[in-house]
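# Secondary and tertiary structure notes
Each chain, written out:
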Amino acid sequence: MPEGVGGRRSREGLLCEWAVEEGFDRAGIATLEASEYGDEFSAWVERGDNASMEWLGRRVEERLNPASRLEGAKSAVCVALHYPARGQDESDLWSGVARYAHGDDYHDVMMRRLRRLGDRIERSYPGSRTRSYVDTGPLLERELGQRAGLGRIAKNTMLLSRSGSYFLLGEVLTTLDLSPGETLPDLCGNCTRCLDACPTDALTQPYRLDARRCISFWTIEHRTDLPEEIERDLGEWTFGCDICQQVCPWNEERNPRRSQAERASDLALPEHRRGLDLVELVTLDRDCYVETFRRSAMKRAKLDGLRRNAAAVLANEALALLQEGGSDERVMVIVSALVESVGQQSESGVGARAAARALIAIAESLASCCDPAGARNVLPPLLRERLRRAAQNASGTGTQQALESAWACWSVLESGAQSQPAEDL
Ligand code: B12
Ligand code: SF4
Ligand code: SF4
């Protein structure tokens, strides 16, 4: 019997069974009293831990009172959909994409199933009403999930169950008056692995996340340029971040209860995206983007955001290779892709600017670790010309500046000179 599904054939047990029949892995019932973490939530917003997600600071009263979401609402059927914790990462891109986002957008997948469940409840209990949510309104979904017994809020702030934390949450609010599930005990104990592993110290305390430092926030939610220190801190993460889940003992393969997520095939990496790699992503044009990312959860970052993130990740790889005295050939492939990317300017210029900053970082690193002849190997004449032309044709103040600086850095590097005259442009 899956966790959270009552063994009794009560009304509660029946609704949870229907949730499983509709395609969810686990379900439980929550009551809709006000949040017990109201003070913590308000303090979180006051500290600015919500970063630029200003919408989290609005409608706070509603957010803290789930019953406000549907007139007469008394309970919620809370559901969990597990996604594959491991996949076949056939390119260098996918190990740096949060697992939940490899397949179809979970909002669509889950909303379809939630609506079917809601309709079934309304048909079976005439006069009752329902409303479905999956990230679609002011609701504290983890807290509802905790009340429903689907997991326990853990030190990394994830809702964690004995079968791990690789699952997503949804709710059907209902006017039916149902008894809640049993809540789980704390699963963290003395463990602090997630706090220790977070590369940006975004987990400032147990149960507290500062989104201003979280890679997941920057790579998914932030729409303009990334701050330089964040670009370097991203490491290999192109979309989202799973580090504080990967290190959790409950997510380890040896946990016999870890979910196999067999039913979540919609959330697995589809065949047609499997081969896509970072070099292709950083140079992706709009038509290919539309084709490749149809239905994908990664569309949230938009084409410019994905190119921006890929540029930063590629720069990190090149910098690491240069530091270790690694393959010139791979550095050349990266530089060439970045030069192509600076030439593809969009209206916002975010992707091109990120590629320009990546080129600057690589040029600076080359300047400190190899001679001008080495640099010439990395940027052969044809590419040099393309970079020069991209800088010349750049539009938009920020974009123009970034590309001119990139060009200037590479010119200085090649000539071995100390400064580059502006006339060269
Ligand atoms: C905004 C948001 C983000 C932000 C902020 C995350 C955060 N921790 O607040 C960013 C962009 C960083 C983010 C990242 C991720 N997110 Co997100 N996100 C949301 C969203 C839309 C709102 C969350 C929110 O209200 N945050 C404000 C904080 C204060 O509230 P909270 O996280 O619910 O935390 C509660 C507890 O911490 C508690 N609390 C406060 N103090 C204390 C102290 C103690 C001692 C205790 C016990 C509790 C406690 O109070 C809070 C309110 O109930 C929810 C969907 C939703 N509507 O709930 C998805 C959601 C939380 N995200 C989800 C996912 C999958 C992710 C990522 C894993 C994606 C990824 N791989 O990159 C990461 C995980 C990062 C992390 N460690 O949290 C899932 C989580 C599923 C799960 N098993 O927990 C959700 C529920 C979406 C969904 N429908 O499935 N996310
Ligand atoms: S998602 Fe990544 S950056 Fe954010 S808290 Fe977890 S480990 Fe830290
Ligand atoms: S890594 Fe440890 S502290 Fe962090 S969520 Fe998992 S059990 Fe809790």
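Residues numbered from 1 in each chain as written. Chains lettered and ligands numbered in written order. Predicted model: local features only at pLDDT ≥ 70, side-chain atom pairs only at ≥ 80, totals over all residues.

Near ligand 2 the following residues occur: Asn156, Cys198, Thr200, Ala202, Leu203, Leu209, Cys214, Ile215, Ser216, Cys241, Ile243 and Cys244. When residues of the shell around ligand 2 are traced back to their parent elements, those giving at least two are helix H7 (215–221) and helix H9 (243–246). Residues of the shell around ligand 2, tallied by class, amount to nine nonpolar, three polar and no charged. (Near = placed C-beta within 6 Å. Helix = DSSP H or I, 4+ residues; strand = E, 2+ residues; numbered from the N terminus. Nonpolar A, V, L, I, M, F, W, Y, C, P; charged D, E, K, R; others polar.)

Let us now look at the domain arrangement of the chain. Accessible area lost on assembly of the parts is the figure often given for the size of an interface. Taken domain by domain, the chain consists of domain 1 (11–85 + 102–174) and domain 2 (277–425). Taking only C-alpha atoms, the centre of domain 1 and the centre of domain 2 are 42 Å apart. (Domains from an automatic or database assignment.)

Here we take up the sheet that holds strand S1 (residues 26–31). If you walk across this open sheet you meet the four strands as S1-S2-S6-S3, and the pairing is antiparallel. Each edge of the sheet is formed by a strand with only one pairing partner; in this case those strands are S1 and strand S3 (130–133). Shown here is a sheet whose adjacent strand axes are inclined to one another by a mean of 20°, direction ignored. Inspection of the sheet shows S1 paired to strand S2 (residues 75–82) by six bridges, in the antiparallel sense. What sits directly across from Arg26, in S2, is Ala80. Along the sheet face, helix H1 (residues 11–21) touches S1 and S2 and points at about 135° away from the line of S1. (Pairing = 2+ DSSP bridges. Axes fitted to C-alpha atoms, helices over the stretch in contact; angles between N-to-C directions. Contact = placed C-beta atoms within 7 Å.)

Right, let's get into H1. Taken together, the buried positions of H1 are occupied by Glu12, Leu15, Cys16 and Ala19. Angularly, the buried residues of H1 cover 100° about the axis, an arc narrow enough to put them on a single face. Trailing H1 by a residue or two, Gly23 shows a phi angle of about 115°, which is positive. (Buried ≥ 20, exposed ≤ 12 C-beta atoms within 10 Å, placed from the backbone. Arc of directions from axis to C-beta.)

A word on the pairing of S2. Within S2, eight of the eight residues are buried, leaving the element largely enclosed by the surrounding structure. Residue alternation in S2 divides its side chains into two sets, Ser75, Val77, Val79 and Leu81 and Ala76, Cys78, Ala80 and His82, and both sets are buried. In the sheet, S2 pairs with strand S6 (residues 167–174) via eight bridges, with the strands oriented antiparallel. If you follow Cys78 over to S6, its bridge partner there is Glu171.

Once that is clear, we can look at the site of ligand 1. In the neighbourhood of ligand 1, 37 residues make up the surrounding shell, with Tyr37, Glu40, Ala98, Ser216 and Gly240 lying closest. Of all the secondary structure elements, the ones that give two or more residues to the shell around ligand 1 are helix H2 (38–47), helix H5 (141–147), S6 and H7. Top element by residues in the shell around ligand 1 is H7. It accounts for four residues. Its residues assigned to classes, the shell around ligand 1 comprises 24 nonpolar, six polar and seven charged.

As a further point, take the confidence of the model for the chain. Considering every residue of the chain, the mean pLDDT works out to 91; 93% of them sit at 70 or more. Per-residue pLDDT stays below 50 along residues 1–8; that stretch engages in 28 contacts with residues further than four places along the chain or on separate chains. Taken together, the stretch residues 417–425 has pLDDT below 50 and engages in 10 contacts with residues farther than four places along the chain or on a different chain. (pLDDT = per-residue confidence, 0-100.)

Before going further, it helps to examine the packing of helix H15 (residues 350–369) against helix H18 (residues 397–415). In a pair of packed helices, the angle between the axes and the distance between the axes together describe the arrangement. Their axes nearest at 9 Å, the elements H15 and H18 cross at an angle of 20°. Looking at the two axes, H15 sits roughly parallel to H18. In this structure, H15 crosses over H18, and the sense of that crossing is left-handed. Taken together, the residues of H18 that come into contact with H15 (itself represented by Ala352, Arg353, Ala356, Arg357, Leu359, Ile360, Ala363, Glu364, Leu366 and Ala367) are Gly398, Thr399, Ala402, Leu403, Ser405, Ala406, Cys409, Trp410 and Leu413. (Parallel < 35°, antiparallel > 145°, perpendicular 65-115°, else oblique. Left-handed = near helix turned anticlockwise from the far one by under 90°.)

This brings us to the nonpolar core. Judged by nonpolar contacts, the single largest core of 117 residues is most densely connected at Leu314, Leu338, Val342, Ala358, Leu359 and Ala406. With 12 residues, the single largest contributor to this core is H15. Looking at which domains feed residues into this core, each of domain 1 (11–85 + 102–174) and domain 2 (277–425) supplies at least three. Filtering out sequence-adjacent residues up to four positions away, Leu338 remains in contact with Val282, Ala311, Leu314, Ala355, Ala358 and Leu359. (Core = buried A, V, L, I, M, F, W, Y, C linked by C-beta atoms within 7 Å.)

Even without glycine at this site, Asp201 takes up a positive phi of about 55°. Mapped onto the fold, Asp201 is located in the loop between helix H6 (193–197) and strand S7 (203–205). One non-glycine residue, Tyr207, adopts positive backbone phi at about 70°. In this structure, Tyr207 sits in the loop between S7 and strand S8 (208–209).

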